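Residues per chain, in single letters:
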Amino acid sequence: MMTGMAEHYLVFLELRNGAIAKSSLDVWNRFQKFSSGRDSRVSAFAAGHAAEGAFDCLQGNGTVYHTDGTHFRTGCDSVVCAMIETLSGAERVTGIAFASTAMGRRLAAFLAGRLRAAFFSGCGGSGGVEKVCSRFIHSGTVIASYAAAADMTIFLQGRELPQPEFSSAEKPAIEAFDATPYVVGGIHSLLVHAVSQSCQKRDVAEASVVVAGGRGMGTREAFGMLEELAALLDGSVGASRAAVDEGWRPHSYQIGQTGKRIAPDLYIACGISGALQHLAGIRSARTVVAVNSDPDAPIFGAADYGIVGEVREVIPDLIGILRDVMAKK
Amino acid sequence: MRIVVCICQVPDTAASIAVADGELDLARVSWVMNPYDEYAVEEAVRLKEQFTGSEVVVMTVTEGPARELLQKALAMGADRAVELLAPSVQDSFRIASALAVSLRERYPQTPPDLVLCGKESLDYQNGAVPGMLAALLDIAFAGPVTSLAATGEMLELQRENENGTELLHVRYPVVISAEKGLNIPRKTGIRQVMEARKKPIETISVPDIQASLLLPLGFEAVSVKKSCRFAKSAGELAGMLLQDGHISAGGG
């Protein structure tokens with residue numbers, strides 16, 4: 001690692017429907033906050049269509065390089081990676097940061113291979129921005145710590161890190177990045193043809209409140225009350241493996257070892273027993289509430305609040321009470 | 001079609017991992033094929049059944065012998081197996097490098113048509129090897145997929161993002177990783193296990209792979225035990241959550 005050289009971070013800003021994804025904005029703010037008052041810089045790269053004023057939400061210094069190519073709306077990662085690679089070389093970037101989204105995870109791993117970078121994924125605590133990473137391994141039963149041993153570090157960050165609070169009177173400069181040299185007509189090896197929307201507004205991995213159901217829900221229809229509770233709390237619905245295996249919810253809802261790892265501020269587990277494999281997925285949840293009819297269910301050992309009872313009685317009651325409270329405010 | 005599947009073994013999902021003197025103690029762990037890798041092997045074997053003349057090679061990077069793992073993949077229908085012995089393979093980049101070097105030796109002219117991996121290994125859950133391997137082989141990476149349909153010229157894939165599902169077309173060669181939902185891996189019987197014993201397993205030593213880009217500093221066991229406050233009614237629970245600020249009366 002070269003010492004004495006100022007760090008220069010490049011944050012990848014993912015554009016969704018013309019706007020910066022909230023998870024990317026968090027990464028930007030985290031690095032801005034870390035860099036303010038230090039001898040380090042933060043820049044950003046955004047590829048794709050940006051709506052008018054899409055970058056107005058960014059505060060802090062640095063430059064946002066934006067390329068508004070229609071050419072790679074097809075989702076051609078390799079073109080985006082090639083541009084980031086060039087930009088990092090030209091701007092002497094020492095760290096590239098991605099939000100842990102489907103696209104972020106693909107780009108981060110590919111670029112780490114290209115650039116021989118230390119790969120910091122899912123690091124908690126201060127490891128978000130520094131050259132040391134502490135992360136869960138083995139289903140969240142062990143924390144491993146690593147030091148980066150490369151000139152370049154690639155950061156992949158999700159909700160496991162605290163929400164950054166950053167504000168500044170400064171605004172970054174927006175600079176157009178010319179994509180033309182990177183786009184060679186007609187030889188895309190990979191083309192996205194269609195995108196179908198999920199019925200879920202927000203993915204469980206990105207939600208600040210998650211309400212999930214397990215086998216104890218009993219039926220597919222019973223998930224309706226979880227949808228209702230989640231809507232009330234502006235959250236998303238998840239499911240345990242048992243509920244997914246029953247066919248009550250698609251796999252994209254699954255939380256756990258072979259599903260998604262979530263990190264909401266509030267997690268409400270309904271009729272979920274709490275097998276080790278499920279607990280592996282909720283290790284980064286901040287507050288856990290468990291509703292289960294079995295007082296000995298292991299989920300209570302991982303919960304901050306619990307209620308022993310039938311989900312089909314407790315949840316409608318809870319919805320009613322919360323609705324009253326919220327109506328009164 | 002020339003298909004390579006990269007697999008690994010992980011501790012059984014129920015295994016409890018001990019930490020002793022800052023090091024992982026895996027002595028009492030039983031090992032299984034990484035579940036996501038099972039989907040990858042299954043998909044490769046299905047493609048082999050679809051395209052006659054195809055060959056499925058499974059590869060693993062391992063510190064010690066991994067015969068059982070490879071035997072299982074062979075029993076599922078892979079044609080041959082390669083065991084790449086390398087020291088200290090916790091680092092995704094070292095694993096990807098060992099695979100890339102071996103693949104370049106095995107396929108010196110053009111890369112294999114399809115390289116399949118599991119989405120991530122359940123032990124380290126880094127999910128980095130497939131993307132890194134694609135970069136090192138200089139071929140496209142399509143990410144984790146939940147559906148795959150192949151023709152001789154291209155693959156039609158589905159993958160999930162935060163908003164829904166993407167349908168994409170990919171030309172060979174490509175690296176793909178297997179997500180849950182891709183298929184249901186077949187069970188193997190005595191006959192398949194016996195047949196697998198006749199299939200070749202090569203052992204190749206790759207001592208000089210890339211230096212590690214992550215230096216382990218230490219391991220620490222985590223206690224997951226929380227102390228749960230029990231409420232007797234939904235009303236009491238709501239009260240606790242509101243009072244402690246986990247739910248705001250203003251919503252959200």
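Residues numbered from 1 in each chain as written. Chains lettered and ligands numbered in written order. Predicted model: local features only at pLDDT ≥ 70, side-chain atom pairs only at ≥ 80, totals over all residues. Heavy atoms only, no water.

**A short note on the packing of helix H7 (residues 311-328) of chain A against helix H6 (residues 234-243) of chain B**
Two quantities define a packed helix pair, namely the angle between the helix axes and the distance between the axes. What counts, and what does not: Each axis is a line fitted through C-alpha atoms, and for a helix only the stretch in contact is used; angles between axes span 0 to 180 degrees, taken between their N-to-C directions. Only DSSP runs of H or I with at least four residues qualify as helices, and only runs of E with at least two residues qualify as strands; both kinds are numbered from the N terminus onward. Should an angle fall under 35 degrees it is taken as roughly parallel, and over 145 as roughly antiparallel, whereas 65 to 115 is taken as roughly perpendicular and any remaining angle as oblique. Crossing handedness: left-handed means the near helix sits turned counterclockwise from the far one by under a right angle, and right-handed means the same turn made clockwise. Residue contacts are counted whenever heavy atoms from the two residues lie within 4.5 Å of one another.
One way to put it is that H7 of chain A packs onto H6 of chain B with a least axis distance of 9 Å and a crossing angle of 50°. The angle between H7 of chain A and H6 of chain B falls in the class oblique. For the pair H7 of chain A and H6 of chain B, the sense of crossing is right-handed. Residues Val314, Asp317, Leu318, Ile321, Leu322 and Val325 of chain A of H7 of chain A form the contact with H6 of chain B, whose own contacting residues are Ala234, Gly235, Leu237, Ala238 and Leu242 of chain B.

**So, the domain arrangement of chain A**
Quoted interface sizes are often the accessible area lost when the parts come together. Residue and element names in this part refer to chain A. Stated precisely, the cut-off is as follows: Domain ranges listed in this record stem from an automatic or a database domain assignment. Here the quantity called buried area is the total loss of accessible area, with a 1.4 Å probe, experienced by two parts when brought into contact, counted for both. Salt bridge, as applied in this entry: a Lys or Arg side-chain nitrogen positioned within 4 Å of an Asp or Glu carboxyl oxygen. Think of a polar contact as two N or O atoms within 3.5 Å of one another; within protein, one of them needs to be a possible hydrogen donor and the other a possible acceptor, and neighboring residues in sequence only count if both atoms come from side chains. Residues are sorted three ways: Asp, Glu, Lys and Arg are charged, Ala, Val, Leu, Ile, Met, Phe, Trp, Tyr, Cys and Pro are nonpolar, and all the rest, Gly among them, are polar.
The assigned domain composition of chain A is domain 1 (7-188) and domain 2 (209-328). Between domain 1 and domain 2, the C-alpha centre-to-centre distance is 32 Å. Residue-level contacts link eight residues of domain 1 with eight residues of domain 2. Interface area for domain 1 against domain 2, summed over the two sides, is near 690 Å², with a carbon-plus-sulfur share of 45%. Three residues stand out in domain 1 for area buried against domain 2, namely Phe136, Ser139 and Arg159, and they jointly supply 67% of the buried area on that side. The interface formed by domain 1 and domain 2 includes one salt bridge. Across the pair Asp265 and Arg159 runs a salt bridge, and its minimum N-O distance is 3.5 Å. Counting across the interface, domain 1 meets domain 2 through seven residue pairs in polar contact (both at pLDDT 80 or more). Split into classes, the residues belonging to the side of domain 1 that touches domain 2 amount to three nonpolar, three polar and two charged.

**A look at the environment of Phe223 of chain A**
All names here are of chain A. The cut-off we apply is this: To sort residues, take the accessible area from a 1.4 Å probe on protein chains only and compare it with the maximum for the residue type: under 20% means buried, over 50% means exposed, and anything in between is partly exposed.
Tracing the chain through its elements places Phe223 in helix H4 (residues 223-232). Note on Phe223: relative accessible area 0%, which makes it buried. When the C-alpha atoms of Phe223 and Gly238 are compared, they prove to be 9.6 Å apart, with 15 residues separating the residues in sequence. Each residue touching Phe223, except ones within four places of it in the same chain, is listed here: Gly213, Met217, Val237, Gly238, Ala239, Ala243, Trp248 and Arg249.

**Some details on the packing of aromatic side chains**
Residue and element names in this part refer to chain A. Condition: Note on aromatic pairs: the rings of Phe, Tyr and Trp (six-membered ring only in Trp) are paired at centre separations within 6.5 Å, and the planes decide the class, stacked below 30 degrees, edge-to-face beyond 60, tilted for the rest. For a ring to carry a charge above it, either NZ of a lysine or CZ of an arginine must fall within 6 Å of the ring centroid while also lying within 35 degrees of the normal to the ring plane.
Counted under the stated rule, the structure contains eleven aromatic pairs over all chains. Seen from their ring centres, Tyr9 and Phe155 are 6.1 Å apart, and the 70° between their planes marks the pair as edge-to-face. One end of the pair, Tyr9, is in strand S1 (residues 8-13); the other, Phe155, is in strand S10 (residues 153-157), with 146 residues separating them in the sequence. Accessibility classification places Tyr9 together with Phe155 in one group, the buried group. Relative to Phe155, the ring of Phe120 has its centre 6.0 Å away and its plane inclined at 85°; by these criteria the two rings are edge-to-face. Taken together, the residues Phe120 in strand S7 (residues 118-121) and Phe155 in strand S10 connect sequence positions 35 residues apart. Under the relative-accessibility criterion, Phe120 is labelled buried at 1%. In textbook terms, an aromatic cluster arises when at least three aromatic residues are bridged by ring pairs, as seen for Tyr9, Phe31, Phe34, Phe120 and Phe155. Seen from the ring of Phe34, Arg38 lies directly overhead, with NZ or CZ sitting 4.0 Å from the centre.

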